[in-house]
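An overview of the molecular structure
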Amino acid sequence: DPWMPWFLQLTATLALGGLIFESCLAFAIWIMGLQALYQEDLAFRRRLRLNRKMIFVFTFLTTIYHLMALDYQKVHKGWIAEYYGGHQIVYSFRYIEWVICAPIVLSCSGQLEHTSDGKPSNALIPSSMLTGIYCIISWQGLVVKDVLAARVLIGFAFVCYAVASVEQLAFAWYIKDKGRAGPLRAGLLTYLVIMIGIYGVVYLLPIPGWISATMENKFYCFGDASFKLGTSIMLLSTNDLANNEDLRRRAETEAEDLQRLITTASVPIFGIDAHGRINEWNMKAAQLTGLPEANILGLPLLSIIGSSSCSKAEEMIRRALAGEESSTLEASLDPSALAEAKGLKTKRAMLVMSAAPRKDKTGAVKGVTFVGCDLTEVAAFREAEERKVRFMAVVSHELRSPLHGIIGLMEHLCASEQAESKLRFLNLVKNCANRLLDLVVNIMEMASMVSKDPSGKAKRQQKLSRDPVELVRIVDEITMLVRNSTDKAGKPLIKKDVELINEVSELPIIEADAHKCTQVFYNIVTNACKFTKDGKIVISSRVDPDGKWVEVAVTDTGSGIAPASLERIFEPFEQEDNSNVRGYQGIGLGLAIAHEVVQRHGGHITVESELGVGTTFTVRLPAAMCEASLGSGDDEGSASFPASSTTPNPQDEVEASTADDVLPEVVPTAKPLLLSVDDDAVNQQVIQSALSDEYEVHEAMDGEQALDYLKNCHELPSAILLDIMMPGMSGHEVCRHVRQKMHIPPTKLPILMLSASNLSSSMIEALDSGSNGFVSKPFHKQVLRAHVRAAMNITKQIETEVESAWKADRKDFKSGSSDGDRGGSMRRRRV
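Since this is a predicted model, take the numbers as computed values, not measurements. (Residues numbered from 1 in each chain as written. Predicted model: local features only at pLDDT ≥ 70, side-chain atom pairs only at ≥ 80, totals over all residues. Heavy atoms only, no water.)

In this section: the overall build of the protein chain. Counting its secondary structure elements, the protein chain contains 25 helices and 23 strands. For the protein chain, long-range pairs separated by at least 24 residues make up 67% of all intrachain contacts whose partners lie at least 6 apart in sequence. A total of about 43200 Å² of accessible surface is found on the protein chain, and carbon and sulfur atoms cover 59% of it. (Helix = DSSP H or I, 4+ residues; strand = E, 2+ residues; numbered from the N terminus. Contact = heavy atoms within 4.5 Å. Areas by Shrake-Rupley, 256 points an atom, 1.4 Å probe, with all protein chains shown as cover.)

Structure representation (structure tokens):
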């Protein structure tokens, strides 16, 4: 047949076209660097595997048919057709192609989802292998020369086809409902089963001579090309549809998961549209504010933002909608106005918010998503901390003021009492007051030094001063003080059989807070004295060879500390013996304060102890304080203050003086006059008893009375003793009024502030308000007298210097007038 080579060449060309298409697809994946992506994603990996299989099929198909077109072919005579009167030509190369390619094409239609470990799965492997088997059997049935054997082989081949077709059609029925590509995949598999069946019918027709052998082979040529090329196109289409469906389903699942995560997140998440109206509100946001989603959607976000943060929130929204990055914002959500309108019970929430733009499919910004961190508890903690500080200040004043009165009156009574029996009781009362004062001071000291943040971590508050500290001098003073001190029962602090030895050698001057260092070593040495009944207490020292630190150790031969107690010995209010019958007094704050102070200096304190042998406390301090050692907190400034300050606070500006606020004329008096301003009669009596023998003390019971006194008096007092905490006008307000409204400078009228608070912030505010000094209650009589004398002496010294300068200037003026150069003298005066 002259057309037969043409049909063979057509089939080879179509197969070559399929090979080129699949090869170009593989090359595009390689040249675009998508191999890693196709390997990572299971759906794309399945598509890549299909591409490789079809390249193999088309390579084998085009090779076979090109060989057949070039007349390289293995041809056999169909013996069973000759037996039944027909004519059949068997091309062995074609059957080889069927045996190899038909199972591969069928298996491509049986792809399933990958297993959990990423391995591919296929439902048609058995039927695909059976297809290759019955292709071999059908070829054997045609070329065998025994008629019975041929009949058996051909019959068995059709039985195998029927069995394979049942599995393939069953799988087609199974996948028809699997997504949008399911019907297409089921139709493709059904088409393959039908085409193979048609091949079987054409295979039988030449045997009785119903069609010619050339017609059979022409059908095979056309069928092979169209069957495999069409199957390839349909496989690619169904695979791409299946992949798209898988990606769409995956995207929907991820979107649902993301939405579920946003809704149930443990942090507030909410969103707005391009017009600033809320379009998303998760459960946590509803829980924090008390506003359910149904009541908040569609409302402007700025309507529930606190007024103090509204402008910053508006700027954050603007930047997010413009696609720009913005920093976090601490703001409050206050839906109280909305609650009144809708009758809802809402809450105010404090958040730290971050904003991110929300984009649509085209990349355009369509809104903003906010993620917040709840600071409501933190804000409540801050408020509680502020209340605690105020409470401690009030408690300090209210406890220390009565103690100040008791101690002052007891000292006055003890000084004037002659009867020994009464004097002993008075001393007992004074000692009890001193013990109570010591307790109050220790508690206030610990509370002002350490507080807790919301996580429970220690947070330092007070700053340390930077002083040049001579530890040798401090230890010498402490040993001298301890040797001459008594305990709270009036007994010597060092017991009779105990020797206190100071072996501290030459130490370099270090940078530290001198007052705090004294407190540390005094607490440690007195603690050793308390627990040592006999033996010795040795204070020794050591210096780093590189000069980076110094070390002071206190070793005693006391009772020692149990190992279980060493871990908590530096905890506040902890003692080794916490039983009701403990043999030593105290509340367990001395070592806690010492430990905190040393740590804040950047050093450390260690303890080594053995029961019945003794204890060694070792304090190591750095030679120079680092910036972290200075601490931070509510009490700003250093603990060291100048003796006086005349600089008013610029934030406390007041109005100009009125006509009534006229500076009274200073009239000298034989006995210096003092004005005591305090609302407590006991404190007034203490000041009278301390100063009345040297000064004439006038009293004012509040700030208004003190100002009236200054306005109406004929003689300015030599100094004012001004209590800070008073009803009505505080001491700071009175002092500012005197300095800024009445224009009485510190050089004309010294003012000493008195307060039971020893916080550095109180001292700073007192000096900034215009006072000349600060005296902490309770005080000893001699201390108060020294402060008053110092303030008055400074005033007298300034007056003397001014008077001397005036006399010198006047003399210079007269000399200039006699020389006819009065103008030059006047210019010198101005200069």
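Our focus in this paragraph is a nonpolar patch on the surface. Among the surface-exposed residues, Trp-3, Trp-6, Leu-10 and Leu-14 lie close enough to one another that they form a single nonpolar patch of about 400 Å² accessible area. Among the secondary structure elements, Leu-10 is positioned in helix α1 (residues 4–31). The exposure class assigned to Leu-10 is partly exposed, which follows from its relative accessible area of 31%. (Patch = residues over 30% accessible without salt bridge, like charges linked within 9 Å, V, L, I, M, F, W, Y side chains within 5 Å. Salt bridge = Lys/Arg side-chain N within 4 Å of Asp/Glu carboxyl O. Buried < 20%, exposed > 50% of the residue type's maximum accessible area, 1.4 Å probe, protein only.)

Below, the discussion takes up helix α22 (residues 731–741). Counting buried residues in α22 gives nine out of eleven residues, a clear majority hidden from the surface. Downstream of α22 by a residue or two, His-743 has a phi angle that is positive, lying close to 55°.

So, on to the packing of aromatic side chains. Evaluated as defined, the whole model comprises 14 aromatic pairs. Here Trp-98 and Tyr-199 contribute two aromatic rings whose centre-to-centre distance is 5.4 Å and whose plane-to-plane angle is 70°, an arrangement assigned as edge-to-face. Here the residue Trp-98 occupies a position in helix α5 (residues 92–108), and Tyr-199 occupies one in helix α8 (residues 182–204), the gap between them amounting to 101 residues. Pair check on accessibility: Trp-98 and Tyr-199 agree, each one buried. Relative to Tyr-161, the ring of Tyr-134 lies with its centre 5.9 Å away and its plane at 90°, an arrangement referred to as edge-to-face. Here Tyr-134, found in helix α6 (residues 125–143), pairs with Tyr-161, found in helix α7 (residues 147–175); they are 27 residues apart in sequence, far enough to count as distant. When its relative accessible area of 19% is taken as the criterion, Tyr-161 is described as buried. Among the aromatic residues, ring-to-ring pairing joins Tyr-95, Trp-98, Tyr-199, Phe-219 and Tyr-220 into one connected group. Sitting above the plane of the Trp-173 ring, Lys-176 keeps its charged end 4.4 Å from the centroid. (Phe/Tyr/Trp six-rings, centres within 6.5 Å; stacked < 30°, edge-to-face > 60°. Lys NZ or Arg CZ within 6 Å of the ring centre and 35° of its normal.)

It is worth spelling out the sheet that holds strand β16 (residues 549–556) at this point. The strand order β13-β15-β16-β18-β17 describes an open sheet built from five strands, whose pairing is mixed. Only two strands of the sheet have a single neighbouring strand rather than two, namely β13 (497–502) and β17 (604–610). Going from strand to strand, the sheet's axes swing by 10° on average, the running direction of each strand aside. Where β17 meets strand β18 (residues 614–622), seven bridges bridge the pair, whose relative direction is antiparallel. Bridging across to β18, Val-607 finds its partner in Phe-617. Each of β15 (534–543), β16, β17 and β18 is contacted by helix α17 (residues 514–531), which is oriented at about 175° to β18, the strand it contacts most. (Pairing = 2+ DSSP bridges. Axes fitted to C-alpha atoms, helices over the stretch in contact; angles between N-to-C directions.)

Another aspect to go through is the pattern of salt bridges. Scanning all chains against the criterion turns up 13 salt bridges. A salt bridge links Glu-315 to Arg-318, with the shortest nitrogen-to-oxygen separation between them at 2.6 Å. Residue Glu-315 and its partner Arg-318 are both found in helix α12 (residues 310–321); the two are separated by three residues, about one turn of the helix. You can call Glu-315 partly exposed: its relative accessible area is 36%. One salt-bridge network, held together by shared partners, links Asp-693, Glu-694, Arg-785 and Arg-789.

All right, on to the confidence of the model for the protein chain then. In this model, the protein chain carries a mean pLDDT of 77, and residues with pLDDT of at least 70 account for 77%. Across residues 578–585, confidence stays below pLDDT 50; counting only partners more than four residues off in sequence or on other chains, it has eleven contacts. Confidence over residues 631–669 falls short of pLDDT 50; this stretch has 69 contacts with residues more than four positions distant or in other chains. (pLDDT = per-residue confidence, 0-100.)

Extensive coverage of helix α19 (residues 590–600) is indicated by the burial of nine of its eleven residues. Restricting attention to buried positions, one finds in α19 the residues Leu-591, Ala-592, Ile-593, Ala-594, His-595, Glu-596, Val-597, Val-598 and Arg-600. Just beyond α19, the residue with positive phi is Gly-602, at close to 90°.

Another aspect to go through is the sheet that holds strand β19 (residues 673–677). Hydrogen bonds between backbone groups are what pair the strands of a sheet, and the pairing can be parallel or antiparallel. If you trace the five strands from one edge of the open sheet to the other, you get β20-β19-β21-β22-β23, paired in parallel fashion. Of all strands in the sheet, those bounded by a partner on one side alone are β20 (696–700) and β23 (773–776). Across this sheet, the average inter-strand angle for adjacent strands is 25°, counted without regard to direction. Both strand β22 (residues 751–755) and β23 contribute to a ladder of four bridges, which runs parallel. Bridging from a neighbouring strand, Ser-755 pairs with Ser-776 of β23. α22 rests against β21 (719–723) and β22 of the sheet, and its axis sits at about 170° to β22.

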